[in-house]
Amino acid sequence: MSNAPDLTRAVAILTENDPPRVWSFIVTVFGDLAQREGDALSGRLLARMADVAGLRPETVRVALHRLRKDGWIDSHRVGRRSDYTLTAFGRAQSAAAAPRIYSDRAPETKEWTVLLANPSEPAAALAEVANRTNAVLLGDAALLVPNSVDEIDNGLLCIRSGEVDIPDWVRALAGPEEIKIAYRGLHGRLQRAEPLLPDRDTSLVGATTRVLIVHSWRRVLLRHPDLPAALLPEDWPGEQCRRVVADLLSRLPRPVLDTLETLAAD
C-alpha cells in the first residue's frame, strides 16, 4: 500500500533546492533497479519516475539519447514500446560503485602505506597511485593510503605499517569541511523525510522515493575516497547518513520491474 501524499512530500524534501539532473537520475534508476544483465526499463516508466521526482518528463528522451551516445545504455523496441538496458560498460560502472553505496559500514584497514615522492621532481607517480586507490594527498609530494599498495614506482619512497597515528590535520584533509556540510544537509533532509515513509511500500512513488534516497546518498558519498573511520574527523557525519539510508531503503524494498511497468502503464 502507498500513502501517496506523504511520499510526495518526502520526494519534495529530498529534492528541495537541488533537483537531480535527468541523466544522472536515470543512471541511478538503472544502478538501483536494473543493474543485472537483461534487466530493462521502458521509456514510459522512466518518464513517469522522472515526473514523480519533479523532473520534466520530456527531458528524459534527451537524457536517454546522451546516455546511449556515451555508451551507458542500449535501446530496443518491444512492439510500440522502447526498452532500455545498461551496456556492458554501464553495468561495470554501476557494479563498481554498488558495494560502496549499499555497504552497511565504512571499510576497515589492517595496513597503512605512506608514499613520498622526490620533492625536486614532478609527482606524477603519486597522482597515478591516487587515481587507483583510496588515498589522501598530504601535500605535493606525500600520499597516505589506508591499505597496501602494489606496483609502486621505483622513484617513490614507500613506508608500510600496521599502525599509524593520525593527527587532526590529516583527518581534516581526509574529511574536508565542504563534504561534512553536504552530509549534514543530507542527514537533515533524510530525517525530515523519514516520518513520511510507510513501513513498506512498493508503489511507483515509493520506487521513485527509493531511487532519490540512493541518488542523494551517492552524490555525496562518491565525492570523497572510501576511507576508514580511523582516518576521518571525529565529527564526521557520513556514518550517521549511512545508517539512516540503510533504514529507509529497508522500508522501500527494491520493486519487481514487471510490477513497475504495469503501474507505469496505468
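Definitions and limits used
Residues numbered from 1 in each chain as written. Predicted model: local features only at pLDDT ≥ 70, side-chain atom pairs only at ≥ 80, totals over all residues. Heavy atoms only, no water. 1 Å grid on protein atoms, 1.4 Å probe; cavity = no way out; pocket = protein on both sides within 12 Å on 5 of 7 lines; lining within 4 Å. Points joined across faces, edges and corners; volume = space filled by probe spheres on them. Helix = DSSP H or I, 4+ residues; strand = E, 2+ residues; numbered from the N terminus. Nonpolar A, V, L, I, M, F, W, Y, C, P; charged D, E, K, R; others polar. Buried < 20%, exposed > 50% of the residue type's maximum accessible area, 1.4 Å probe, protein only. Pairing = 2+ DSSP bridges. Core = buried A, V, L, I, M, F, W, Y, C linked by side-chain atoms within 4.5 Å.

Participant: Where do I start with the layout of surface pockets in this structure?
Facilitator: Unoccupied space between atoms shows up once a probe the size of one water molecule is rolled over them. The calculated volume of the largest pocket comes to roughly 560 Å³. Around the largest pocket sit 27 residues that line it, and Val27, Ala97, Ile101, Arg218 and Leu222 are the ones nearest its centre. Where the lining of the largest pocket is concerned, the elements lending two or more residues are helix H2 (22-33), helix H5 (88-102) and helix H9 (204-221). Ranked by residues supplied to the lining of the largest pocket, first place goes to H5 with 9 residues. Partitioned by chemical class, the residues of the lining of the largest pocket number 13 nonpolar, 8 polar and 6 charged. Counted as a void, the second largest pocket has a volume near 260 Å³. Lining of the second largest pocket is provided by 14 residues; of these, Gly43, Arg44, Arg61, Leu64 and Tyr84 occupy positions nearest its centre. Those elements giving two or more residues to the lining of the second largest pocket turn out to be helix H3 (43-52), helix H4 (59-69) and strand S3 (81-86).

Participant: I keep staring at the pairing of strand S6 (residues 142-145) and nothing clicks. Help me out?
Facilitator: Along a regular strand, successive side chains alternate from one face of the sheet to the other. Burial of the side chains of S6 extends over both faces: Ala142 and Leu144 are buried on one face and Leu143 and Val145 on the other. Relative to S6, strand S4 (residues 112-116) is paired through 4 bridges, and the arrangement is antiparallel. Residue pairing across strands places threonine 113 opposite valine 145, the latter belonging to S6. Between the antiparallel neighbours strand S5 (residues 136-139) and S6 lie 2 residues.

Participant: Help me out: how do you make sense of the nonpolar core in this one?
Facilitator: Among soluble globular proteins, nonpolar side chains are generally buried collectively. By size, the foremost hydrophobic cluster in this structure holds 67 residues, and its most contacted members are Phe25, Ile26, Phe30, Leu46, Met49, Ile213 and Leu231. Ranked by size, the runner-up nonpolar core spans 9 residues in total, among them Leu115, Ala135, Val149 and Leu156.

Participant: I'm lost on empty space enclosed by the protein in this one. Help?
Facilitator: What the rule picks out here adds up to 1 cavity of 30 Å³ or more. Considering only enclosed or pocket space, the largest cavity measures out at about 60 Å³ in volume. Surrounding the largest cavity, 13 residues form its lining, His224, Leu227, Trp236, Glu239 and Arg242 being those nearest its centre. Elements represented by at least two residues in the lining of the largest cavity include exactly H9 and helix H10 (238-251). Broken down by element, the residue count for the lining of the largest cavity peaks at 3 residues, all from H10.

Participant: I would appreciate a short explanation of the pairing of S3 in the present structure.
Facilitator: Where strand S1 (residues 41-42) meets S3, 2 bridges bridge the pair, whose relative direction is antiparallel. Paired with leucine 41 across the strands is tyrosine 84, a residue of S3. Inspection of the sheet shows strand S2 (residues 73-78) paired to S3 by 6 bridges, in the antiparallel sense. Bridge pairing in S3 links valine 78 to arginine 81. Hairpin connection from S2 to S3: 2 residues lie between these consecutive antiparallel strands, with glycine 79 at a positive phi of about 65°.

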